[in-house]
Every structure is written in structure tokens, then in C-alpha cells.
Amino acid sequence: MAGIGFELRKLMRRDSYLSLLQAYAYAGVISSGPWILSIIAVIFIGIISVPAVVPPRLVAQFQISVTYLIALSLILTGFVQLALTRYCADRIFDQEHYRLIPSLNGAIFIVTTLAGCLAFPLAILLFEDKSMSFRLLLATSFVVLCDVWIAAILLSGLKAYKAVLWNFAAGYGSTLVLSFFLRSWNLEGLMLAFLTGQFVLLMGMLLVVYRTYPSTQFLDFDFLKKGRVYYSLVLTGFFYNLGIWADKLVFWFHPYTGSKVIGPMRASEIYDLPIFLAYLAIVPGMAIFLARMETDFVEYYDKFYDAVREGGTLGYIHEMKDEMVRMAREGIYEIVKIQSIAAIGVFLLGRQLLALARIDQLYLPLLYVDVAGASFQVVFLGIMNVFLYLDKRKRVLTLVVLFTVLNFIFSILSIMAGPFFYGYGFALSLVISIFVGMIFLDRDFRMLEYETFMLR
């Protein structure tokens, strides 16, 4: 399975502005395509369903239900995502490709069982005012969505970004088409369309994995054995996903900012709309993040550790280490520069964007803060990625726990401080986490040779 780094380096080495633009555009589509497709599909479903679904508030209930399904499934599968990705990367390095399919099936079996045991009783008990068919569709969608994240994370970890993108396009494209024909069934029809699309998405990704890494064994739990699983990564995946949704959860369930939509699900109209627009503004930063990490940084990272393993000269090892550090720093700084430009663009066009989305201009200050916070999130992701390459798992866990705790605390304080401070909790928690991460990163780069040779 070809990595995206090879294709990006091939484009960048053509030494022309057009090829450079193509490389960054390609990285932007690959890195941001799946979730942009998800957002656009859900929005279009709402647009085409409003005239046919009666009453219209059922469309909002569907959109909020999908948001909760995505959020809760990401948080639940966070325990598995990074740990399974690292396990699969280790097996590929050890030339044990035959273990990938059985381990993936084992992870899906565990996640399906756990998600089903949680989702079906809760859906039946907590949505008494809805039909049984909707409750069963909701619970089934949650289970399938959990499995989707496991397959998507594995494919992303194996650098099969294009496969992830095309399957997301197929899955959400199916959802969009089916929602047009099933919208007359109201909430149940929209949820059936979503479930069908997620099933298409899951089957497509599994097909890619099965074709790439065939195995004679079907099911195995080798990834849970001692020495195979890294518990720090188990916690890191959970806390990172929880941290990303912490401010949203606070605004949803705080009595000042949230309101009931369907069953126990709540939403915050004042917070949800600006944060949605803000996340669309991080595409340039994500493009730079993926392009830099998968080309310049990885190239010198491989050269450094190849020299260490193969007995390269001390001078060459120092040189490759210095280049790796330089590329990491330049990559992070470039993310900051490009994302700053994107944020300034949103600041300048903020009023027009709100008018286009039919959002009141009173949301403008919150949009600015959310754009800054989303931009900081890209920088934070870049720092985490460097630490994971360096195998600094405890560093990453410390940072994501810090981010999660601060995001919860600061978001609550921002609500207590008043509407002017909404969004500052999310942004400030990331600023502090980035600052701490940069201190850790500077220290770890200085100690890299010592720790590589003396502590391994």
C-alpha cells in the first residue's frame, strides 16, 4: 500500500509553483476531505429534507442525533484507535502482516459488543417518545459508526488516506442520495439513509484492508496481550477525543447555553453554528500539517533512525538529527503561518460568511474566537504527531489530559463570565497545552541522542 508521503514528495520535487500547489491541495483534500464530506452531507440532507419532513423540527433532531453519534462513537473508540494503530505499525515493521486482519476483526468484535451493549438499552430507555424503529436505527447506527472509526483509523495509520477519502465519499454520497428518496419517512427515513451510508463506508474500508493484507486466520486478540498493547496510547486516544468535544458538551448541557432537542440530547445554537464554520477554516493548516509531516520530517526521521540502527558515523547521525529537528520546527512554524493567514481571511470575510450561512451578525465575535481555537488545534495536533514519531507516549498523554481538563474548566468559567467570553475556554486551553508541548519538545530534541543510545 503506497504511502501518501511518496506521492507528495514526487509532486514537490518537480520544482515548480504549480506542482507545489498541487501537492498542498492534494494534502488538504486527503487530510480534511472525510470530515468535510460528512459535514456537507449532513447539511445538504437538512436542506433537501425540510420541504418534505413534517414537522420541520424533525430535520434538526436528525442532525443533532448524527452529531451525538459521531461525538460519542469517537470518544468510546478512542480507547482502541491509537493503540490498535501502533500495534499494526509494529506488526508491519516486524513483517507480521498476517496478524493485521485477525487483529482488526478482534478489535471490531470487541467494539461492536461493547457499543451494542451500551447503545441498545440506552436508546430504548431514553427515547420513549420516539418509535421503536427509530430507536433501533439510532443504536445500530452508533454500533456501525464505532466500527467505521476503527477501520478508518487503521487505514489512516497505514497511510491509506486516499482509500479513506474515497470510501467516505461513497458512504456519505449514498446517505445523501437515499435521504432524498426516504425523506418522506421522516426521522426514521433519514436515520435509515445515514445507517445505510455508514454500512457502505465500513464495507468499503474493510474490503481495502482485506485485499491488501490477506490472512488465513479470521479472528485474533493478539493486540491485547502483554507487551503488545501500550496503555498510555489507550488513554491518549480516549482523552484526546474527549478533549475535542469537552467544550461542546459543556455548552450543550449547561442550563444557560443548551436546550433540549430530542430525548436526552441537547444542543447550543449560540455555540454550535460558529464552531462549525471555524472548523471549515482549518483546511489550509491541515494540508500543511500532512504535507510537512509526511515529506520533510519523515524523510529525515527515517534517515536518523536508519543511521542509528545500521551503525552510521556519529557526524552523520548528528547531521540527520539536526535536519529532523529543523524540519519539525519549520513544519510547526509553517502551520502557524498558514493557519494565521486563513484565520485573518475569516476575520475579514466573517460578516459575509455569517450572512451566507444565514447566521445573525451577533455571532461574529464568537466566530473569531472559535477560528483562533480551531487553528490552535491544528498546531497542537502537529506537536502531538512529532511526539508520537519520537515514541514519547507519556508526553502525549500528559498533553491531552491537560488539554481535556483545561477545556472543561475554562469552558465552564467562560459561560459563568458571560456571552462575551464564550469560546475563550477552548482557545485558551489549547494555547496553554501548545506552550507546554513546545517546552517538552525543545527539551526532548536536546536529549534525543542520549536517550536513543543510552535508554533503549
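This structure is a prediction, so every number in the text was calculated from the model and none was measured. Starting afresh in each chain, residues are numbered from 1 along the sequence in its written order. The predicted origin of the model limits local features to residues at a pLDDT of at least 70 and limits the giving and counting of side-chain atom pairs to 80 or more, whereas totals for whole chains, interfaces and linings rest on all residues. As a convention, hydrogens and water are excluded, and side-chain values are obtained from all of the structure's heavy atoms.

(A) Just the pattern of salt bridges, in detail. By definition, a salt bridge exists where a carboxyl oxygen of Asp or Glu is found within 4 Å of a side-chain nitrogen of Lys or Arg. All chains considered together, the criterion is met by 18 salt bridges. The closest approach of N and O atoms between glutamate 96 and arginine 228, which form a salt bridge, is 3.7 Å. One end of the pair, glutamate 96, is in the loop between helix H3 (57-93) and helix H4 (100-126); the other, arginine 228, is in the loop between helix H7 (186-212) and helix H8 (231-253), with 132 residues separating them in the sequence. The pair glutamate 96 / arginine 228 is uniform in exposure class, with both members buried. Across the pair arginine 99 and aspartate 222 runs a salt bridge whose closest N-O atoms are separated by 3.8 Å. With a gap of 123 residues between them, arginine 99 in the loop between H3 and H4 and aspartate 222 in the loop between H7 and H8 connect regions that are remote in the sequence. As far as the burial class goes, arginine 99 and aspartate 222 line up, both buried. We count a stretch as a helix when DSSP gives it H or I for four or more residues in a row; a strand needs E for two or more, and each element gets its number in order from the N terminus. Only protein chains enter the accessibility calculation, which uses a 1.4 Å probe; a residue whose area is less than 20% of its type maximum is buried, one above 50% is exposed, and one in between is partly exposed.

(B) Local environment of unusual backbone geometry. Look at glutamine 95: it is not a glycine, yet its phi comes out positive at around 60 degrees. Relative to the assigned elements, glutamine 95 resides in the loop between H3 and H4. Residue classification places glutamine 95 among the exposed residues on the basis of a relative accessible area of 57%. The backbone phi angle of asparagine 186 is positive, close to 60 degrees, even though this residue is not glycine. The exposure class assigned to asparagine 186 is partly exposed, which follows from its relative accessible area of 22%.

(C) Main features of helix H13 (residues 393-417). Given the number of residues in a helix, its expected span is that number minus one, multiplied by 1.5 Å. Between its first and last C-alpha atoms H13 spans 36 Å; for 25 residues at 1.5 Å apiece the expected length is 36 Å, and the two agree. Taken residue by residue, H13 has Val396, Leu397, Leu399, Val400, Phe403, Thr404, Leu406, Asn407, Phe410, Ser411, Ser414 and Ile415 as its buried positions. Buried residues along H13 sit in contact with H8, helix H12 (364-389) and helix H14 (424-446). Contacts are residue-level and defined by heavy atoms, with any inter-residue pair within 4.5 Å sufficient.

(D) Highlighting the nonpolar core. Counting 130 residues, the largest nonpolar core has Leu84, Trp245, Phe297 and Phe380 as the members making the most contacts within it. Among the elements that make up this core, the one with the highest residue count is helix H5 (residues 132-157) (16 residues). Setting aside residues up to four positions removed in sequence, phenylalanine 380 forms contacts with Tyr240, Leu399, Val400, Phe403, Leu430, Ser433 and Ile434. Joining through side-chain atoms within 4.5 Å is the link that ties buried Ala, Val, Leu, Ile, Met, Phe, Trp, Tyr and Cys residues into a set, and such a set is a nonpolar core.

(E) Here's a closer look at the layout of surface pockets. When its volume is computed, the second largest pocket comes out at roughly 330 Å³. A cavity, in this analysis, means grid points on a 1 Å lattice covering only the protein atoms where a 1.4 Å probe fits yet has no way out; a pocket is instead an open set bounded by protein on both sides within 12 Å along at least five of seven lines, and a residue lines either one if it has an atom within 4 Å of a point. Along the wall of the second largest pocket there are 15 residues; nearest its centre are Leu72, Leu122, Leu126, Phe127 and Met265. Elements represented by at least two residues in the lining of the second largest pocket include exactly H3, H4 and H5. With 5 residues, H4 is the single largest residue contributor to the lining of the second largest pocket. For the lining of the second largest pocket, the residue count by class is 15 nonpolar, no polar and no charged. Grid points are joined across faces, edges and corners, and a volume is the space filled by probe spheres set on the points. Residues are grouped as follows: Ala, Val, Leu, Ile, Met, Phe, Trp, Tyr, Cys and Pro are nonpolar; Asp, Glu, Lys and Arg are charged; all remaining types, including Gly, are polar.

(F) Looking closely at a nonpolar patch on the surface. On the surface, a cluster of nonpolar side chains totalling about 680 Å² of accessible area is made up of Leu114, Leu118, Leu122, Ile124, Leu125, Leu126, Met132 and Leu136. Those elements giving two or more residues to the nonpolar patch turn out to be H4 and H5. When residues in the nonpolar patch are grouped by element, the largest group, 6 residues, is from H4. Assignment of secondary structure puts leucine 125 in helix H4. Given a relative accessible area of 57%, leucine 125 falls into the exposed group. Like charges are joined within 9 Å and nonpolar side chains (Val, Leu, Ile, Met, Phe, Trp, Tyr) within 5 Å, but only among residues with over 30% relative accessible area and no salt bridge; these make up the patches. Values of accessible area rely on a 1.4 Å probe in the Shrake-Rupley scheme; residue burial ignores everything except the protein chains shown.

(G) A look at the packing of H8 against helix H9 (residues 269-280). Here an angle of 0 to 180 degrees is reported between the N-to-C directions of two axes, which are lines fitted to C-alpha atoms, with helices fitted over the stretch in contact. At a minimum axis distance of 10 Å, the contact between H8 and H9 shows a crossing angle of 160 degrees. Taken together, the axes of H8 and H9 lie roughly antiparallel to each other. Every pair of crossing elements has a handedness; the one defined by H8 and H9 is left-handed. On the side of H8, the interface is formed by Ile244, Asp247, Lys248, Phe251 and Trp252, while H9 contributes Tyr271, Asp272, Ile275 and Tyr279. Put simply, angles under 35 degrees are roughly parallel, angles over 145 are roughly antiparallel, angles from 65 to 115 are roughly perpendicular, and the rest are oblique. Handedness of each helix crossing follows the sense of rotation of the near helix against the far helix: counterclockwise by less than a right angle gives left-handed, clockwise gives right-handed.

(H) Region of the structure containing the packing of aromatic side chains. Only centres within 6.5 Å qualify two rings of Phe, Tyr or Trp (six-membered ring in Trp) as a pair; their planes then separate them into stacked at under 30 degrees, edge-to-face at over 60, and tilted for everything else. All chains considered together, the criterion is met by 25 aromatic pairs. An angle of 25 degrees between the planes, with centres 4.7 Å apart, marks the rings of tyrosine 68 and tryptophan 252 as stacked. Of this pair, tyrosine 68 sits in helix H3 while tryptophan 252 is found in helix H8, placing the two residues 184 residues apart along the sequence. For the pair tyrosine 68 and tryptophan 252, one class covers both residues: buried. Ring centres of phenylalanine 347 and tyrosine 368 lie 4.8 Å apart, and the angle between their planes is 70 degrees; on these two criteria the pair is classed as edge-to-face. One end of the pair, phenylalanine 347, is in helix H11 (residues 314-356); the other, tyrosine 368, is in helix H12, with 21 residues separating them in the sequence. According to the relative accessible area criterion, tyrosine 368 is partly exposed, its value standing at 26%. Each residue in the set Phe297, Tyr301, Phe304, Tyr305 and Tyr389 is aromatic and connected to the rest through ring pairs, giving one cluster. Whether a charge sits over a ring comes down to the Lys NZ or Arg CZ being within 6 Å of the ring centre and within 35 degrees of the ring normal. The side chain of arginine 91 reaches across the aromatic face of tyrosine 87, ending 4.8 Å from its centre.

Functional significance is not addressed by these values, which are geometric in nature.
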